[in-house]
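Observations on the model geometry
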Amino acid sequence: MSKPIVATASLAGCFGCHMSILDIDERILKLIELVEFNKSPFDDIKTFTKPCDIGIIEGGCCNSENVANLRLFRKNCRILISCGECATMGGLPALRNGIPLRECLEEAYMNSPTVAEADRLIPNDEELPVILDKVYPCHEIVKIDTFLPGCPPSADLIWEALMALLEGRPIAPGYELIKFD
Ligand code: SF4
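To start, this report covers the structure provided alongside it. (Residues numbered from 1 in each chain as written. Predicted model: local features only at pLDDT ≥ 70, side-chain atom pairs only at ≥ 80, totals over all residues. Heavy atoms only, no water.)

We now examine the site of the ligand. Taken together, Gly-13, Cys-14, Gly-16, Cys-17, Glu-58, Gly-84, Glu-85, Cys-86, Gly-150, Cys-151 and Pro-152 form the complete shell of residues around the ligand. Elements represented by at least two residues in the shell around the ligand include exactly helix H1 (16–22) and helix H4 (85–89). A per-class count over the shell around the ligand returns 5 nonpolar, 4 polar and 2 charged. (Near = heavy atom within 4 Å. Helix = DSSP H or I, 4+ residues; strand = E, 2+ residues; numbered from the N terminus. Nonpolar A, V, L, I, M, F, W, Y, C, P; charged D, E, K, R; others polar.)

A few words on helix H6 (residues 155–167). Across its 13 residues, H6 extends 18 Å between first and last C-alpha, which sits within 8% of the 18 Å expected from 1.5 Å per residue. When we look at burial in H6, the residues that qualify are Ala-155, Leu-157, Ile-158, Trp-159, Glu-160, Ala-161, Leu-162, Met-163 and Ala-164. Remark: Gly-168 follows H6 within two positions and exhibits a positive phi of approximately 70°. (Expected span 1.5 Å × (residues − 1). Buried < 20%, exposed > 50% of the residue type's maximum accessible area, 1.4 Å probe, protein only.)

Between helix H2 (residues 27–34) and H6, whose axes approach to 12 Å, the crossing angle comes to 25°. Considering their axes alone, H2 and H6 lie roughly parallel with respect to each other. Note on packing geometry: the crossing formed by H2 with H6 is left-handed. Across the interface between the two elements, Arg-27, Lys-30, Leu-31 and Leu-34 of H2 pack against Ala-155, Asp-156, Trp-159, Leu-162, Met-163 and Leu-166 of H6. Its residues assigned to classes, the contact of H2 with H6 comprises 7 nonpolar, no polar and 3 charged. (Axes fitted to C-alpha atoms, helices over the stretch in contact; angles between N-to-C directions. Parallel < 35°, antiparallel > 145°, perpendicular 65-115°, else oblique. Left-handed = near helix turned anticlockwise from the far one by under 90°. Contact = heavy atoms within 4.5 Å.)

Spelled out as structure tokens, the structure:
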């Protein structure tokens, strides 16, 4: 019997959520018995080669490339998980949302004391992704089926969510998995 297929991506995230997935430690041996990975940094498969059962998204959308990748995941994954604060709420990158984009770019590329006079230029190569007016959580771009809170969500919470989805039962994390004090 074919295994359920899982894909993962990091958008505007720090890869901490991916590290947390790996933090399931020896359970990763069980996971690779239970599922097959498709497009993911874990196996370095760059493009979808088949429809997937579960997509795990880390990070929100700060540029056009993030949006395109997220839409690709929505199209190719039956269940889409928004994993971590950046994906579910925008997270740290969304700290710029209260500041006009132009001001952010000028601060980073023109006015910063570490930028040499000769290098003062806001990047505008047409091959670069277009930066969005603000950082969007994933559910504001596509339909999301499951949200996992935390920065990052703990390995145990991610494990519980994956096992529940694979076993076809509701995700029911105990209090210990979703408290943050
Ligand atoms: S939620 Fe936290 S760990 Fe995950 S990508 Fe964002 S900053 Fe990194």
